[in-house]
Amino acid sequence: MPSTAVQTHASAISAPAFHDNSRSAVHEDITRPRSLSPSVSAAPITPWDLSSMLLAVGKENSTAPQPHTSQRLMGDTELSYYLPSRADGVNDMYLHLGFSAPRRLFAEQRVLAAWALLLLRHPPLAARVIPPPSAASPFDTDYSQVKFSYTAPSSPAEALTKASALLHLRKDLSKDELIHQYLNGDRILGDDKLSCLILSEKASPANQDEAGYDILFCAVHFLGDGMALHRFANEFFTLLAEVGKGESLTAEDYEELLRKEWEAKWGSAHVTPAAVLPPAVEDSLAHITGNFRKAAVKVDFLNSSRKDVGGHSLPRAKGNQRKTL
């Protein structure tokens, strides 16, 4: 499964990677005019015992507000990355980081609570893709109607449960094994899983305070680029191990941060409608006005497209299965 790989052993970017918008009611952005293959099932996930964490953050409350869902159409750029990725995940991204750290900083409950908190802050990572209405023929399917959809967790407990489904814990797997499985094994990401976090702890004596880790931040390419993964990784490590702050927080502290974040965004029954999902890049461009400017843009587009027309040769036989090294 060819992928866009970003590898590094350090990150020094401090700004948040993905857009963070505060709150939303149920709404859909369809102001811009726009059959997917079945969603790819994810690989088995390491089982989690969430009972203690669910008790810590509080059980579901029957009076809690109903989940809020926000949707918007994909932009042209997002769609151009999405459509080729449906078959085998071409362009799926990952960022690998190898490091050593005290075991207490990367205890399972701390990692899960921090991951859940960041997913709450960056909704696109926890969103899914909705296919367009099916047509009688694939050639009649209107792919411009592909949508992002994000449903907010109905409680802090549900935020943890959803985060655990996007977290893969491994033991004694090397960097090369992790990357090989991600690139050439069954596709992990898909329409219903746009991101995931893979963490592997290297073998070391149980009485040793420090351990070696390999971590992969994974996301589909139509969500962002390699720089976004770097910045998100920096936010993740800062949250878990910032000197004088993150390193002193317990799992319960992170769960309390998660509770406060959820209360601020979704705890009120009177949530003000707003765009939770960031707009497509095309929607951020200046609107073209005037007939002459519109004509000039059209001519420029046709001249640019003319370079890509003609001279193509399409092979009749299918080549060998692609393998990324």
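Look up a bit, the structure's there.
Rules of the game
- Residues numbered from 1 in each chain as written.
- Predicted model: local features only at pLDDT ≥ 70, side-chain atom pairs only at ≥ 80, totals over all residues.
- Heavy atoms only, no water.
- Core = buried A, V, L, I, M, F, W, Y, C linked by side-chain atoms within 4.5 Å.
- Buried < 20%, exposed > 50% of the residue type's maximum accessible area, 1.4 Å probe, protein only.
- Helix = DSSP H or I, 4+ residues; strand = E, 2+ residues; numbered from the N terminus.
- Contact = heavy atoms within 4.5 Å.
- Phe/Tyr/Trp six-rings, centres within 6.5 Å; stacked < 30°, edge-to-face > 60°.
- Pairing = 2+ DSSP bridges.
- Right-handed = clockwise from strand over helix to strand, strands pointing away.
- Salt bridge = Lys/Arg side-chain N within 4 Å of Asp/Glu carboxyl O.
- Disulfide = S-S within 2.5 Å.
- Axes fitted to C-alpha atoms, helices over the stretch in contact; angles between N-to-C directions.
- Parallel < 35°, antiparallel > 145°, perpendicular 65-115°, else oblique.
- Left-handed = near helix turned anticlockwise from the far one by under 90°.
- Nonpolar A, V, L, I, M, F, W, Y, C, P; charged D, E, K, R; others polar.
- Lys, Arg positive; Asp, Glu negative; His and termini not counted.
- Polar contact = N/O pair within 3.5 Å; in protein donor to acceptor, adjacent residues only side chain to side chain.

**Student:** I'm lost on the nonpolar core in this one. Help?
**Tutor:** Note that soluble globular proteins tend to have their nonpolar side chains buried in a common cluster. Judged by nonpolar contacts, the single largest core of 68 residues is most densely connected at Phe106, Phe217 and Phe236. Per-element tally for this core: the top contributor is helix H3 (residues 108-121), with 10 residues. Contact partners of phenylalanine 217, with chain neighbours within four places excluded, come to Met93, Tyr94, Leu95, Leu97, Cys196, Leu197, Leu229, Phe232, Ala233, Phe236 and Phe237.

**Student:** Before we go on, may I ask you to explain the packing of aromatic side chains in this structure?
**Tutor:** Summed over the entire model, instances satisfying the criterion amount to 14 aromatic pairs. The interplanar angle of 85 degrees and the centroid separation of 5.2 Å between the aromatic rings of phenylalanine 99 and phenylalanine 237 together place this pair among those described as edge-to-face. Here phenylalanine 99 is found in strand E4 (residues 92-102), whereas its partner phenylalanine 237 is found in helix H6 (residues 226-241), with 138 residues between them in sequence. Pairing phenylalanine 217 with phenylalanine 232 gives two aromatic rings, centres 6.0 Å apart and planes at 80 degrees, and the pair type is edge-to-face. Of the two residues, phenylalanine 217 sits in strand E9 (residues 210-219) while phenylalanine 232 sits in helix H6, which places them 15 residues apart along the sequence. Phenylalanine 232 shares its class with phenylalanine 217; the two are buried. Put simply, the rings of Phe99, Phe106, Trp115, Tyr213, Phe217, Phe232, Phe236 and Phe237 pair up and form one aromatic cluster.

**Student:** Would you explain the pairing of strand E7 (residues 167-171) in this entry?
**Tutor:** When a strand is regular, its side chains alternate between the sheet's two faces. Counting buried positions along E7 yields four of five residues, so the element is predominantly enclosed. Of the pairings in the sheet, the one linking E7 to strand E8 (residues 195-201) comprises five bridges and is parallel in character. Across the sheet, residue arginine 170 finds its bridge partner in E8, namely serine 200. On the question of chirality, the crossover connecting E7 to the parallel E8 by way of helix H5 (residues 175-184) is right-handed.

**Student:** What is the right way to read the pairing of E8 from this model?
**Tutor:** With seven of its seven residues buried, E8 lies for the most part within the structure. The sheet contact formed by E8 and E9 spans seven bridges and is antiparallel. Counterpart to leucine 199 in the pairing with E9 is isoleucine 215.

**Student:** Sorry, what's going on with the pattern of salt bridges here?
**Tutor:** It is possible for side chains of opposite charge to pair when their charged atoms get near one another. Overall, the coordinates contain nine salt bridges when judged by the stated rule. The partner of glutamate 78 in a salt bridge is arginine 72, and the shortest N-O contact between them spans 2.7 Å. Relative accessible area serves as the criterion here: at 14%, glutamate 78 is assigned to the buried category. Looking at arginine 72, the relative accessible area reads 6%, which means it is buried. A salt bridge links glutamate 256 to arginine 259; the shortest N-O distance between them is 3.3 Å. You can see glutamate 256 and its partner arginine 259 sitting in helix H7 (residues 251-266), three residues apart, about one turn around the helix. Assessed through its relative accessible area of 32%, glutamate 256 is described here as partly exposed. Given the relative accessible area of 27%, arginine 259 is considered partly exposed. Salt bridges here are not isolated pairs; linked through shared partners, they connect Arg103, Lys171 and Glu201.

**Student:** Hey, could you run me through the state of the cysteines in this one?
**Tutor:** In protein chemistry, a disulfide is the covalent bond that joins the sulfur atoms of two cysteines. Taken as a whole, this structure holds zero disulfides when the rule is applied. Counting only cysteine sulfurs, cysteine 218 is the nearest neighbor of cysteine 196, a cysteine outside any disulfide, at a range of 4.0 Å.

**Student:** Could you clarify how one ought to interpret unusual backbone geometry in this entry?
**Tutor:** If a residue is not glycine, its phi is most likely negative; likewise, a peptide bond is most likely trans. Here the phi dihedral of asparagine 91 falls at roughly 80 degrees; this positive angle occurs in a residue that is not glycine. Tracing the sequence through the fold places asparagine 91 in the loop between helix H2 (76-85) and E4. A relative accessible area of 25% means that asparagine 91 is categorised as partly exposed. For aspartate 172, which is not glycine, the phi dihedral falls at a positive 60 degrees.

**Student:** Sorry, what's going on with the packing of H3 against H6 here?
**Tutor:** Angle between the axes and distance between the axes: these two values describe a pair of packed helices. The geometry of H3 relative to H6 is characterised by a closest axis approach of 10 Å and an angle of 135 degrees between their N-to-C directions. Here H3 is positioned oblique relative to H6, judged by the angle of their axes. Between H3 and H6 lies a crossing of right-handed hand. Across the interface between the two elements, Arg110, Val111, Ala114, Trp115, Leu117, Leu118 and Arg121 of H3 pack against Phe232, Glu235, Phe236, Leu239 and Leu240 of H6. Of the residues belonging to the contact of H3 with H6, the class tally is nine nonpolar, no polar and three charged.

**Student:** Just to check I follow, could you spell out the side chain of aspartate 191 for this structure?
**Tutor:** Topologically, aspartate 191 is positioned in the loop between H5 and E8. Buried charge without a partner: aspartate 191 forms no salt bridge, and the closest opposite charge is arginine 187, 5.7 Å away. A polar contact of 3.1 Å, which involves the side chain of aspartate 191, links it to the side chain of tyrosine 82.

**Student:** Whenever I open this one, the side chain of lysine 193 confuses me. Can you help?
**Tutor:** Within the fold, lysine 193 resides in the loop between H5 and E8. One buried charged residue, lysine 193, forms no salt bridge at all, with the nearest opposite charge on aspartate 92 at 11 Å. Within the structure, the side chain of lysine 193 is placed 2.7 Å from the side chain of histidine 168, a separation counted as a polar contact.

All quantities given are derived from atomic positions and should not be read as evidence of function.
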